[in-house]
Amino acid sequence: MSGQADPEAQEQKYTMGYDEEFQVLLRRRSAANSASHLMPRLSSGMRLLDVGCGPGTISMGLADAVAPGEFVGVDIEESQVEMATAAASAGGHRNAKFQVADAVELPFESNSFDVVHSHAAIMHVPDAGAAVAEMMRVLKPGGIISSRDVILSSCFTEPKHGDFDNAWKAFGKLLSANGGHPEMGKEIKGVLLATGFCDLSVSASFECFAAKEDVDFFHGFAQGWFFSDQTMAAAQKLGVASAEDLDRWRGLLDQWQADPAAFSTIAWGEALGVKPR
Ligand SMILES: C[S@@+](CC[C@H](N)C(=O)[O-])C[C@H]1O[C@@H](n2cnc3c(N)ncnc32)[C@H](O)[C@@H]1O
């Protein structure tokens, strides 16, 4: 697990940013496709906290699963909380509410939630251990923590075109430079154990882009977000990639999209743990 944020990277601590080019990826997510490891453990009446909820696309299914129990989603970014609140209102998820909060300083009483869920958020918190400790604090004894984060070294684009694998590595360096943890999906078991969780259930899964429309989506997402001027400026400033690298990788990504064998995945590690009674 990497340590604190690189002081050079303070301008953009959260690597993914909040632009539409990244939000398109979050809109594909749901509780069914991104929290299937947790769903069988949820039941009506539970009180559930979703940490780093983003625009709330996963949150809605979680809220439905515990209704009429209270669902609370928190995010450090106000625009995300506003989007999630609007989505809950439009969808009639009346047990769901959202507020701004930092994962390392949750504004909730100790021992007050049955479940604390987090998807693709712990990996962005520089002091991930502090965030997990906060999640444990607000859980009731016997309550469940659920996390899902990326395993970057297991993500791939196949077939290989040139040195495109180095673009994945550059993304990992960018995440680390911002204090993130590109391998959190496989480190999380150790983090939960070190925090004191018991009865762990750990697994891994792939989000696949193999059908033509999904390959096209991945290509558009990577060109629009990773190869955006903003992300690329950050990569260059941090010395993660040169302008020549970026131009070459953009071209290789186009070649990959045109390849009939194109197949890409995002690899995820999931973990459930129980707060001891
Ligand atoms: C990749 S998005 C994931 C959103 C949502 N959970 C999903 O998977 O679709 C990560 C979210 O974590 C939030 N985040 C990052 N650091 C945070 C922190 N310290 N406390 C709370 N939220 C944080 C970001 O603002 C962002 O909305």
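Residues numbered from 1 in each chain as written. Predicted model: local features only at pLDDT ≥ 70, side-chain atom pairs only at ≥ 80, totals over all residues.

Caption draft 1: Focus on the pairing of strand β3 (residues 96-100). The pairing of strand β2 (residues 71-75) with β3 spans 5 bridges and is parallel. Paired with Val72 across the strands is Lys97, a residue of β3. Once you follow β2 into helix α4 (residues 78-91) and on to β3, the crossover reads as right-handed. (Pairing = 2+ DSSP bridges. Helix = DSSP H or I, 4+ residues; strand = E, 2+ residues; numbered from the N terminus. Right-handed = clockwise from strand over helix to strand, strands pointing away.)

Caption draft 2: Structural detail: the site of the ligand. Taken together, 22 residues lie near the ligand, and Gly52, Gly54, Ile76, Ala103 and His119 sit nearest. Taken together, the residues of the shell around the ligand sort by class into 12 nonpolar, 6 polar and 4 charged. (Near = placed C-beta within 6 Å. Nonpolar A, V, L, I, M, F, W, Y, C, P; charged D, E, K, R; others polar.)

Caption draft 3: Quick peek at the environment of Ala243. Position of Ala243 relative to the elements: it lies in helix α10 (residues 243-258). Expressed as a C-alpha distance, the spacing of Ala243 and Phe221, which sit 22 residues apart in the sequence, is 20 Å.

Caption draft 4: Representation of the nonpolar core in the model. With 55 residues, the main nonpolar core has Leu62 and Val116 as its most contacted residues. Val116 has contacts with Leu49, Val51, Met135, Val138, Leu139 and Ile145, leaving out every residue within four places of it along the chain. (Core = buried A, V, L, I, M, F, W, Y, C linked by C-beta atoms within 7 Å. Buried ≥ 20, exposed ≤ 12 C-beta atoms within 10 Å, placed from the backbone. Contact = placed C-beta atoms within 7 Å.)

Caption draft 5: Up close: the pairing of β2. The buried count for β2 comes to 5 of 5 residues, which makes it a mostly enclosed element. The sheet contact formed by strand β1 (residues 48-51) and β2 spans 4 bridges and is parallel. Bridged to Leu49 within β2 is Val72. What joins β1 to β2 is helix α3 (residues 59-66), and the crossover it makes is right-handed.

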